[in-house]
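Coordinate analysis (summary)
Given next are the chains, with one letter for each unit.
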Amino acid sequence: MIDLKRLRTEAEYRSGIERKRVRSGLVEEVLAVDAEHRALLARVEELRGRQNAASKAIGKAAPDQRAAKIAEAGVLKDELMALEPSLSEVEARVRELALQVPNPADASVPDGGEGDGEVVRVIGGEPPAPALDHAAFAEAMGFVNTEKAVEMSGSRFAYLMREAVMVELALVAWVLGQVGAQGFVPVMPPVLVREHAMEEAGFFPTDRQQVYEVDEGALFIVGTSEVPLSALHRGEILDADALPLRYAGFSSSFRREAGTYGKDTRGIFRVHQFDKVEMFVFASPETSAEEHERILAIEEAIVSALGLPYRVVNIAAGDLGAASAKKFDIEVWLPSEGRYRELTSCSNYHEFSARRLGIRTRGEGGTQLVHTLNGTACAVGRMLVFLFEHYQDGGAFIVPDVLRSFTGFERVEPRNS
RNA sequence: GGAGGGAUGACUGAGUGGCCGAAAGUGCUCGCCUGCUAAGCGAGUAGGGGGUGUUUAUCCUCCUCGAGGGUUCAAAUCCCUCUCCCUCCGCCA
């Protein structure tokens, strides 16, 4: 949720929103309805004040004067009742519109849309394509079965099988250890949440079409453990000394991938269900930018330890999600496609989601909203895609060094060939 | 699945229609006192919106006692719905 007060008083705040490709006229509309709301609120409050005073007077009045005073207060009540429905109607409109307004882009975010991100750095080379691309290799090795999964569940589902399962689990265990060493508390959260959790995390209403709905709309399946992690301190006033609070959620993630027909149909690059270790941080506003860099550094350390060539991109304003004020993607070189593809991303939400969640700290001048940040420690399935290409040796698969103590094997030979 | 009890400020907990945004205690903050510590004494201590503005001051005002709705001139208190917690019974691991 944006700060309406800042929207109407700070030009920079407003331009940060407008840099994010918002529906034209939305900002003007919000401001107009907000003004209407405040004007009406003043009238209603004035009436309520008089009504409150009149009611109090009845309690103190002598018994023989009560009847007259009750009649008097009744008139005020009727006036109020005539006005209040329009107030709640305007309130609902402000809220509905404000929910559609994205978090303003940070000043350090470049202008433009998809493809206009700023490449911050490039690490590693651009090795040539292996004999088989990730999908063909995974199938040849018996690591992935999409055919039967598609019959059973539909496109973009897959069975992960054999040694690949052990590599998947090794990645999870290793990554949780890495982030644990950085102070992130491991969490396995519920993946079914109520609607308000989706809204407060910043996903509803804007990304509703990406989310699976179950139990007749009572519950929604999360597309990232960011949602249940964000709710971990819902409604709390946190001790400033306790910040930053860092969590690492491990869960399956589910995405409808609406509007991606025909994109990334090979293998398990883009699927409806995948496992992910996600970092989530509640930070003070003063340190959130620093914390963002820290999360990025951890992501880079993980990709580097796996020996993958990558680049860091500062995502352009028009390509940011609604809740994000700033986002870094790590894109890893995918040899078969001869280009960098997104593996992780980390965002600073500033106080956008904290406002909806009601998460604050106590400072000198009262309470202030915390900042929330999130970042992918490891999107496991997507990571496998890159490993399947970068760790081919002849027809065999080599287990990355750092995972070997978890898998118990170093190499998987080609099957029946 | 059935029956009953409950949800109040950072915490414990009183409060069945007006004198209640709310007793008391704990905690915390400040001051006093005590040679130190402990104890004692006094004061203060919820969140949010709007207006004003000398713009993290002051002041005015409205809302909030799990959430939403209703009754009433007036609701923490009465009624309805929902969410959650507890106890007992049943069922199942």
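What you see is a predicted model, and the numbers here were worked out from it, not measured in a lab. Residue positions within a chain follow its written sequence, with the count starting from 1. Whichever chain is written first becomes A and whichever ligand is written first becomes 1, with later ones labelled in order. Restriction of local features to residues with pLDDT of at least 70 applies here, the model being predicted, together with a cutoff of 80 or more for giving and counting side-chain atom pairs; totals for whole chains, interfaces and linings are based on all residues. As a rule here, side-chain values cover all heavy atoms of the structure and leave hydrogens and water aside.

**Regarding the overall build of chain A**
A count of helical and extended segments in chain A gives 13 helices and 19 strands. In terms of principal-axis extent, the alpha carbons of chain A reach across some 105 × 45 × 40 Å. The classification of residues rests on relative accessible area computed with a 1.4 Å probe and restricted to protein chains. Under 20% of the type maximum is buried, over 50% is exposed, and intermediate values are partly exposed. Sorting the 417 residues of chain A into buried and exposed places 48% on the buried side. Here chain A has roughly 19500 Å² of accessible surface; of this, 50% comes from carbon and sulfur atoms. Under the DSSP-based scheme used, a helix requires at least four consecutive residues in state H or I and a strand at least two consecutive residues in state E, with every element numbered from the N terminus. Using a 1.4 Å probe, accessible areas were evaluated by the Shrake-Rupley method; residue-level cover was limited to the displayed protein chains.

**Quick word on helix H4 (residues 63-100)**
Helix length check: H4, at 38 residues, gives a terminal C-alpha distance of 54 Å against a target of 56 Å (1.5 Å per residue), a fit within 8%. At Leu 83, H4 shows its largest kink, close to 30 degrees, and the proline Pro 85 lies no more than four residues downstream. Those residues of H4 not exposed but buried are Ala 73, Leu 76, Leu 80, Leu 83, Leu 87, Val 90, Val 94, Leu 97, Ala 98 and Leu 99. The contact criterion used is simple: two residues touch if any of their non-hydrogen atoms lie within 4.5 Å. Buried positions along H4 lie against helix H1 (4-9), helix H3 (26-60), helix H8 (195-200) and helix H11 (352-357). Multiplying 1.5 Å by the helix residue count minus one yields the expected span of that helix. Bend is computed residue by residue as the angle between axes fitted to the seven residues ending at the residue and the seven residues starting at it.

**Comments concerning the sheet that holds strand E18 (residues 396-398)**
Taken together, three strands build an open sheet; the order of strands is E17-E18-E19 and the sheet is antiparallel. Strand pairing shows two members of the sheet lacking a second neighbour, strand E17 (392-393) and strand E19 (411-412), which therefore form its edges. In the sheet, E18 pairs with E19 via two bridges, with the strands oriented antiparallel. In the sheet register, Ile 398 faces E19, and the bridge partner there is Arg 411. Here the rule is simple: two strands pair whenever DSSP picks up at least two bridges between them.

**Some details on a nonpolar patch on the surface**
There is a patch of nonpolar side chains on the surface, built from Met 152, Tyr 159 and Met 161 and spanning about 290 Å² of accessible area. You can see Met 161 is positioned in the loop between strand E3 (159-160) and helix H7 (163-180). To count toward a patch, a residue needs a relative accessible area above 30% and no salt bridge. Like charges then connect within 9 Å, nonpolar side chains (Val, Leu, Ile, Met, Phe, Trp, Tyr) within 5 Å. Within this document, salt bridges are pairs made up of a side-chain nitrogen of Lys or Arg and a carboxyl oxygen of Asp or Glu, the two lying within 4 Å of each other.

**Regarding the domain arrangement of chain A**
Note that the domain bounds reflect an automated or database-derived domain assignment. According to the domain assignment, chain A consists of domain 1 (23-98) and domain 2 (118-412). Its C-alpha centre places domain 1 at a distance of 47 Å from the equivalent point of domain 2.

**Some remarks on the pattern of salt bridges**
Enumeration over the complete set of coordinates arrives at 32 salt bridges. Measuring nitrogen to oxygen at the nearest pair gives 3.1 Å for the salt bridge that ties Arg 341 to Asp 264. In this pair, Arg 341 sits in strand E13 (residues 339-348) while Asp 264 sits in the loop between strand E9 (245-254) and strand E10 (273-283), placing the two residues 77 residues apart along the sequence. With respect to burial, Arg 341 and Asp 264 carry one shared label: buried. If you follow the salt bridges from partner to partner, you end up with Glu 257, Asp 264, Arg 270, Glu 337, Arg 339 and Arg 341 in one network.

**Overview of a negative patch on the surface**
Here the positive residues are Lys and Arg and the negative ones are Asp and Glu; neither His nor the chain ends is included. The atoms used to mark charge sites are NZ of Lys, CZ of Arg, CG of Asp and CD of Glu. Taken together, Glu 114, Asp 116, Asp 319 and Glu 342 make up a surface patch of like negative charges. Within the fold, Glu 342 resides in strand E13. In this structure Glu 342 comes out as partly exposed when scored by relative accessible area, which is 33%.

**Points about the protein's contact with RNA strand B**
Arg 38, Glu 45, Ile 58, Arg 194 and Thr 367 are the nearest of the 22 residues found near RNA strand B. In RNA strand B, atoms within 4 Å of the protein come from the sugar-phosphate backbone in 70% of cases. Under the rule applied, a polar contact is a pair of N or O atoms within 3.5 Å (in protein, one hydrogen donor and one hydrogen acceptor; residues adjacent in sequence only if both atoms are side-chain atoms). The contact in question runs from a phosphate oxygen of RNA strand B to an N or O atom on the side chain of Arg 38, over 2.5 Å. One nitrogen or oxygen atom from the side chain of Thr 367 is found 2.3 Å from a phosphate oxygen belonging to RNA strand B. Elements with a contribution of two residues or more to the surface near RNA strand B: H1, H3, H4 and strand E14 (360-363). Ranked by the residues each element gives to the surface near RNA strand B, the list is headed by H3, at eleven residues. Proximity is defined per residue: any heavy atom of the residue falling within 4 Å of a molecule or strand makes that residue near it.

**Quick word on the packing of H3 against H4**
With their axes 8 Å apart at the nearest point, H3 and H4 run at an angle of 160 degrees to one another. Relative to H4, H3 is oriented roughly antiparallel. Every pair of crossing elements has a handedness; the one defined by H3 and H4 is left-handed. Each residue gets one label: Ala, Val, Leu, Ile, Met, Phe, Trp, Tyr, Cys and Pro are nonpolar, Asp, Glu, Lys and Arg are charged, and the others, such as Gly, are polar. For the contact of H3 with H4, the residue count by class is 20 nonpolar, five polar and 13 charged. Every axis corresponds to a line fitted to the C-alpha atoms, with the helix fit spanning only the stretch in contact, and the corresponding angles, defined between N-to-C directions, vary from 0 to 180 degrees. The cut-offs work like this: below 35 degrees is roughly parallel, past 145 is roughly antiparallel, 65 to 115 is roughly perpendicular, and the gaps in between are oblique. By convention, the crossing between two helices is left-handed when the near helix turns anticlockwise from the far helix through less than a right angle, and right-handed when the turn is clockwise.

**What about the packing of aromatic side chains?**
Aromatic rings from Phe, Tyr and Trp, with only the six-membered ring used for Trp, were paired whenever their centres fell within 6.5 Å, and each pair was classed as stacked if the ring planes differed by under 30 degrees, edge-to-face if by over 60, and tilted otherwise. According to the stated counting rule, one finds eleven aromatic pairs in the structure shown. For the pair Phe 143 and Phe 397, a centre-to-centre distance of 6.0 Å together with 85 degrees between the ring planes defines the contact as edge-to-face. Within this pair, whereas Phe 143 is found in the loop between helix H5 (134-140) and strand E2 (144-145), its partner Phe 397 is found in strand E18, the two being separated by 254 residues in sequence. For the pair formed by Phe 143 and Phe 397, the shared burial category is buried.

**A look at the packing of H7 against helix H12 (residues 380-390)**
Helix-helix packing: each pair is described by the crossing angle between the helix axes and the interaxial distance. It is the contact of H7 with H12, at a shortest axis distance of 10 Å, that shows an interaxial angle of 115 degrees. The element H7 and its partner H12 pack so that their crossing is right-handed. Across from Ala 164, Val 167, Glu 168, Leu 171 and Val 172 in H7, the residues of H12 making contact are Val 380, Gly 381, Met 383, Leu 384, Leu 387 and Phe 388. Its residues assigned to classes, the contact of H7 with H12 shows nine nonpolar, one polar and one charged.

**Things to note about the nonpolar core**
Buried Ala, Val, Leu, Ile, Met, Phe, Trp, Tyr and Cys residues that are joined via side-chain atoms within 4.5 Å together make up what is termed a nonpolar core. In terms of nonpolar packing, the biggest core is built from 55 residues, with Phe 143, Leu 387 and Phe 397 touching the most fellow members. In terms of residue count, H7 provides more of this core than any other element does, eight residues in total. With sequence-adjacent residues up to four places away left out, Leu 387 is seen in contact with Val 167, Leu 171, Leu 308, Gln 392, Phe 397, Pro 400 and Leu 403. Within the second largest apolar cluster, 37 residues are counted, among which are Val 30, Val 94, Ala 197 and Ala 201.

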